[in-house]
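Residue-level structure breakdown
Here is how the chains run, residue by residue.
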Amino acid sequence: MVFDFNSDLAQEYGIYKNEKAFEIAKYMSSVNISAGFHAGDPLSIKKALEFAKSSNLAVGAHIGYPDISGFGYRNMEMTEDEIEAMVIYQLGAISAFANALNTDIEHVRCHGAMYEKMNNDADFAKKVAEAVKKFNPWLNLIVGNPETKDIIEKEVKINCAYEVMFDDNMSIRQLREMDVKPDTVHFSTIENAARAYDVIKPSPINYNKVKEQI
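Residues numbered from 1 in each chain as written. Predicted model: local features only at pLDDT ≥ 70, side-chain atom pairs only at ≥ 80, totals over all residues. Heavy atoms only, no water.

Of all five residues that make up strand β2 (residues 30-34), five are buried, and the element is covered over most of its length. Side chains Ser30, Asn32 and Ser34 project from β2 onto one buried face, and the interleaved Val31 and Ile33 project onto a second face that is buried too. Where β2 and strand β3 (residues 58-63) come together, five bridges link them in parallel fashion. Residue pairing across strands places Ile33 opposite Ala61, the latter belonging to β3. (Buried < 20%, exposed > 50% of the residue type's maximum accessible area, 1.4 Å probe, protein only. Helix = DSSP H or I, 4+ residues; strand = E, 2+ residues; numbered from the N terminus. Pairing = 2+ DSSP bridges.)

Listed below in structure tokens is the structure:
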């Protein structure tokens with residue numbers, strides 16, 4: 001049984017750096033690159049993409065609310081047009097850098113308050129998914145709720161990947177025994193990433209095929 005491992009890169013801005021993120025990413029098969037709204041500046045985005053390409057990692061856009069000072073952890077009420085513009089703007093930023101490096105993005109992962117709202121508000125989730133689809137219908141949207149995944153795939157008709165967070169109390173065995181198997185597993189610490197990697201090597205990302213592999 002094979003899983004994708006993912007983590008976040010470019011979660012920094014200006015003089016505020018996060019070099020530990022690259023250590024975590026060494027154990028991953030895909031990475032989510034911050035798109036500039038909650039974190040990520042041009043240089044950190046470029047560096048993250050260069051690292052992903054040299055490490056043969058699948059690339060995703062890590063999008064969030066326009067909330068640098070709050071690191072994207074504060075909820076925001078937005079109109080449908082604002083949601084669409086927010087999503088497409090950030091996908092465009094990561095895609096432009098990726099194209100310049102002769103690579104491309106394959107998935108989208110929301111951050112912070114936006115991620116939480118995606119998983120708990122089906123209407124909001126569909127609006128985000130519609131914006132992703134308008135930008136590129138082949139992109140895959142990461143969600144942390146299997147019900148949200150089903151709704152988006154049935155009603156918006158784009159592919160989603162069900163994600164679980166790997167914490168200090170979790171094991172690969174628990175992942176394998178879950179009633180709803182995850183498509184991808186998110187890591188935020190080096191210790192947990194190394195511990196999981198010792199048990200199983202993650203598969204290169206292709207969310208359209210991951211479900212067939214696990």
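So, on to the nonpolar core. With 45 residues, the main nonpolar core has Ile33, Leu141 and Ile152 as its most contacted residues. Excluding its chain neighbours within four sequence positions, the residues that come into contact with Ile152 are Met118, Ala125, Ala129, Leu141, Val143, Lys157, Ile158 and Cys160. (Core = buried A, V, L, I, M, F, W, Y, C linked by side-chain atoms within 4.5 Å. Contact = heavy atoms within 4.5 Å.)

We now examine the sheet that holds strand β4 (residues 107-110). Backbone hydrogen bonds hold the strands of a sheet together, and the pairing may be parallel or antiparallel. Overall, parallel pairing links the seven strands, which are arranged β1-β2-β3-β4-β5-β6-β7 in a closed barrel. Strand-to-strand, the axes of this sheet are offset by a mean angle of 35°, without reference to chain direction. In this sheet, strand β5 (residues 140-143) lies alongside β4 in parallel orientation, the contact comprising two bridges. Its bridge partner being in β5, His107 is matched across the sheet by Asn140. Sheet strands touched by helix α2 (residues 42-54): β1 (4-9), β2 and β3. Its angle to β2, the strand with the most contacts, is close to 170°. (Axes fitted to C-alpha atoms, helices over the stretch in contact; angles between N-to-C directions.)

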